[in-house]
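# Structural overview
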Amino acid sequence: MRWNYRRRAVEVIVCFAPVVLFVVSLLIDLLSTRESWLDLSSVIGLMVGSFPLPFINFYLAFIRPRLHIWRHGSLEGLRNISGGPLLGTCLIVLGGVFGFGDWRSATIGLVALALDTGGLPWIAIATWHDRSFWDE
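Residues numbered from 1 in each chain as written. Predicted model: local features only at pLDDT ≥ 70, side-chain atom pairs only at ≥ 80, totals over all residues. Heavy atoms only, no water.

### Here we look at the packing of helix α2 (residues 41-49) against helix α5 (residues 103-115)
- Relative to each other, α2 and α5 sit at 10°, their axes nearing to 10 Å. Considering their axes alone, α2 and α5 lie roughly parallel with respect to each other. Along its contact with α2, which presents V43, I44, M47 and V48, the element α5 presents R104, S105, I108 and G109.
- Among the residues forming the contact of α2 with α5, the class breakdown is 5 nonpolar, 2 polar and 1 charged. (Axes fitted to C-alpha atoms, helices over the stretch in contact; angles between N-to-C directions. Helix = DSSP H or I, 4+ residues; strand = E, 2+ residues; numbered from the N terminus. Parallel < 35°, antiparallel > 145°, perpendicular 65-115°, else oblique. Contact = heavy atoms within 4.5 Å. Nonpolar A, V, L, I, M, F, W, Y, C, P; charged D, E, K, R; others polar.)

### A look at the side chain of E11
- Relative to the helices and strands, E11 is located in helix α1 (residues 5-31).
- The buried charged residue E11 lacks any salt bridge partner; its closest oppositely charged side chain belongs to R8, at an N-O distance of 5.2 Å. (Buried < 20%, exposed > 50% of the residue type's maximum accessible area, 1.4 Å probe, protein only. Lys, Arg positive; Asp, Glu negative; His and termini not counted. Salt bridge = Lys/Arg side-chain N within 4 Å of Asp/Glu carboxyl O.)

### Some details on the packing of α1 against helix α6 (residues 120-127)
- Between α1 and α6, the shortest axis-to-axis distance is 7 Å and the interhelical angle comes to 140°. Crossing geometry of α1 relative to α6 is assigned as left-handed. Counting all contacts with α1, which are made through E11, V14, C15, F16, P18 and V19, the residues of α6 involved are L120, P121, I123, A124, I125 and T127.
- Along the lines of polarity and charge, the residues of the contact of α1 with α6 split into 10 nonpolar, 1 polar and 1 charged. (Left-handed = near helix turned anticlockwise from the far one by under 90°.)

Written out as structure tokens, the structure reads:
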């Protein structure tokens, strides 16, 4: 089986674009000598308000299946449900765009992306070794 490099390159670009956004935002703030002109109360409120989504996704992905096995002895009968994986990433990126160039919004965004197991960077990590998904 051959690796489909073009498809995998698109995956990496799309899935890690939010990480690049926050790293560039952080670097711009660290390298700049200007004062921040942004009123970040609403931006940080949006980003912190979306923080429960990563924890919900973590519960649904890791804790809920373990509880089901503990109660029933197997995964049979467990229904997979979504916690809105891309919703958290979209809200965090929206906050990052509006708060671009400020270290506080960049830091909150990077922490949220690291915690959100249903977000875009984790999709790339989770599916990277699934050759049937990406390769021909």
